[in-house]
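# Reading the structure
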Amino acid sequence: MTAETGFKELRELLRTQVFSSSARVGILLALLGVRRVTFTDLLKATQLAKSSLYLHLKCLEDNGLIKVKDVLTPERPRTVIELTDQGSRAIERYLELLKDYSDALGLNGQKGAWSNTDPPGRK
Amino acid sequence: MDRSDLANIALAEELAKKVYYRKAKKVMGLTYLVTSSYVPLTFLLSVLFPPLVEGSLDHLELLVFGVYLLVVFSLGFQLRRIPIVAGRLDAIAGSRFSSKRGRLNRRYLPFVFAFAAVALGVAASVTFGLLGEVLGAAENLCVLGLILSYFDFVFSSIKVSALGAPDILAIAGAIVGFLAGTFVNPVFFFAFSASWFVAGAIVTKRYW
C-alpha cells in the first residue's frame, strides 16, 4: 500500500462517526490499554458528563467496537465496558495509519507535533 | 481532513492516560492491601500450626509466599498493555520523554528479577541457616522494591509520578519493618504490614 493510499484511508477514517470524536477515540485507546473498565471508572477518570459518556458508549456499541454489559459484584451491579475484536482491530488500524503519517512527515520526537502541522493534502 | 482532526489524537491520548492512571492506582492499592496481609497470615499460621514434622512450617510458609507472589503477579499483569499502548502513542504524537521504557521486552523484567530473588533467597535460607534470615529479609526487600519499580515503570510510561504520600509511607514501612524486624525484634515486621495496609487503604479508597 502506498503512502497516499494510507493517507486517503486515514482521511476517510477521520470522517467516520467514531473516529471524528476525540472522546470516542480516547475511550477506544483506554480500552486498548486496559481491555475492560467499569462505567464508573470511565466516568470518574474522563470527567465527562454522564449523559455525554453514555452517548459516546452507545455510538461505539452500535458500531460493534465495544461491548457494554451489567455484571453483578458483591457491592452492587456494575456496568462493564469491553473492547470487541472488531474494536481492537479498528483502533490498531487507526494507530498504524497515524504512525505511517507521522513517519512520512518526520514528526517523531517532536512535542505537540500534531497541533503544529498541516495535514496531508492541505494547501 | 483538517488540523482539528489531527489534534484529536492528543485529546484522545490525554483521556486514555487518565483512565490508565486510575486503573494503575487501583491495582497498586490492591497490591498494597494484599501484600500487607502476608506477615499477619504467616504469623497466624505459625501459631495455629506448630510444626508437627520438622520443617513442615517452612514448606507451608514457602507455599503461602508463592501464592502471594502469584496474586501480586496477576494484579500487575492487568497493567501489562498500558506501557505498550502509551509507547505507541508517544511514537506517533512525539514526546520529549523517551518512549523506550514502554517497550515490550522490558515489561516482564521486574517479575523475572523477583522470581530470581526468590529462588536465591530460598537457596540461601536452606544453605546458610542464620545468615539465610538476613539474606531472606534482603530478598523480601528486593521483591517489594521490584513490585514498586514495576508500578513506577507503568506510571512513567504515562508520564506521571507514582510517588504520593501513601507510597512514601509504604517504602519507609518496608525498609524499617524488614531491617528492624531482622536485626532488632521480629515484631517490627508488623510495621511493614501496617504501613502497606494504610497505604493500600488510602489509595484504594481514593480510586475505587
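The shown structure was predicted, so the numbers you read here are calculated from the model rather than taken from an experiment.

## Some words on the overall build of chain A
Looking only at helices and strands, chain A has 5 helices and 3 strands in total. Tracing chain A from N to C terminus, the helices and strands come up as α-α-β-α-α-β-β-α. Counting across all 123 residues of chain A, residues that qualify as buried make up 47%. For chain A, the accessible area works out to roughly 6300 Å², and carbon and sulfur atoms hold 50% of it.

## Side note on empty space enclosed by the protein
Residues and elements named next belong to chain B. Evaluation of the coordinates by the stated rule reveals 3 cavities of 30 Å³ or more. The computed volume of the largest cavity comes to approximately 160 Å³. Lining the largest cavity, in full, are T35, Y38, F65, Y68, L69, V72, N140, V143, L144, I147, F178 and F192. Broken down by secondary-structure element, the contributors of at least two residues to the lining of the largest cavity are α3 (56-77) and α6 (130-157).

## What about the side chain of E82(A)?
Residues and elements named next belong to chain A. Take E82: it is sitting in strand β3 (residues 77-83). For E82, the side chain forms a polar contact with the side chain of K69, separated by 3.5 Å. When near neighbours in sequence (up to four residues on either side) are disregarded, E82 contacts L31, R35, R36, L65, I66, K67 and K69.

## Quick notes on the nonpolar core
As a rule of thumb, soluble globular proteins bury nonpolar side chains together. Counting residues in hydrophobic clusters, the biggest one holds 78 residues, and the most contacted among them are F19(A), L28(A), L29(A) and Y94(A). Beyond its immediate stretch of four places on either side in the chain, F19(A) contacts L13(A), L14(A), V25(A), L28(A), A90(A), I91(A), Y94(A) and N8(B).

## So, the confidence of the model for chain A
Looking at chain A, the pLDDT average stands at 84 and 83% of residues meet or exceed 70. Here helix α1 (residues 3-14) of chain A is the element of chain A with the lowest mean pLDDT, 82, and helix α4 (residues 50-62) of chain A is the one with the highest, 95.

## With respect to the pairing of β3(A)
Residues and elements named next belong to chain A. Where burial is concerned, most of β3 is hidden: 5 out of the 7 residues are buried. Pairing of strand β1 (residues 36-38) with β3, which is carried by 3 bridges, proceeds in the antiparallel orientation. The residue bridging V37 from the neighbouring strand is I81, located in β3. Relative to β3, strand β2 (residues 66-72) runs antiparallel, the two sharing 7 bridges. The residue bridging V71 from the neighbouring strand is R78, located in β3. In textbook terms, the turn of a hairpin is the stretch between consecutive antiparallel strands, and for β2 and β3 this stretch comprises 4 residues.

## Things to note about the pattern of salt bridges
Any two side chains of opposite charge can pair, given that their charged atoms come close. Summed over the entire model, instances satisfying the criterion amount to 14 salt bridges over all chains. As a salt-bridge pair, D41(A) and K26(B) come within 2.5 Å of each other at their nearest N and O atoms. With D41(A) in helix α3 (residues 39-46) and K26(B) in helix α1 (residues 3-36), the pair connects residues from two separate chains. For K26(B), a relative accessible area of 10% translates into the label buried. Counted as one network, the salt bridges with shared partners bring together R36(A), K67(A), K69(A) and E82(A).

## Some thoughts on the environment of K44(A)
Looking at the secondary structure, you find K44(A) in helix α3. Non-local contacts of K44(A), meaning those with residues more than four positions away in its chain, are made with R22(B) and W208(B).

## Quick look at the side chain of S22(A)
Within the fold, S22(A) resides in helix α2 (residues 22-34). A relative accessible area of 18% means that S22(A) is categorised as buried. When residues no more than four places from it in sequence are discounted, the contact partners of S22(A) are N8(B), L11(B) and A12(B).

## Concerning unusual backbone geometry
Residue R35(A) is not a glycine yet carries a positive backbone phi of 65°. In this fold, R35(A) is placed in the loop between α2 and β1. Located in the positive-phi region is K159(B), a residue other than glycine, with phi close to 60°. Considering the arrangement of structural elements, one finds K159(B) in the loop between α6 and α7 (165-183). Under the relative-accessibility criterion, K159(B) is labelled partly exposed at 27%.

Thresholds, definitions, all that
Residues numbered from 1 in each chain as written. Chains lettered and ligands numbered in written order. Predicted model: local features only at pLDDT ≥ 70, side-chain atom pairs only at ≥ 80, totals over all residues. Heavy atoms only, no water. Helix = DSSP H or I, 4+ residues; strand = E, 2+ residues; numbered from the N terminus. Buried < 20%, exposed > 50% of the residue type's maximum accessible area, 1.4 Å probe, protein only. Areas by Shrake-Rupley, 256 points an atom, 1.4 Å probe, with all protein chains shown as cover. 1 Å grid on protein atoms, 1.4 Å probe; cavity = no way out; pocket = protein on both sides within 12 Å on 5 of 7 lines; lining within 4 Å. Points joined across faces, edges and corners; volume = space filled by probe spheres on them. Polar contact = N/O pair within 3.5 Å; in protein donor to acceptor, adjacent residues only side chain to side chain. Contact = heavy atoms within 4.5 Å. Core = buried A, V, L, I, M, F, W, Y, C linked by side-chain atoms within 4.5 Å. pLDDT = per-residue confidence, 0-100. Pairing = 2+ DSSP bridges. Salt bridge = Lys/Arg side-chain N within 4 Å of Asp/Glu carboxyl O.

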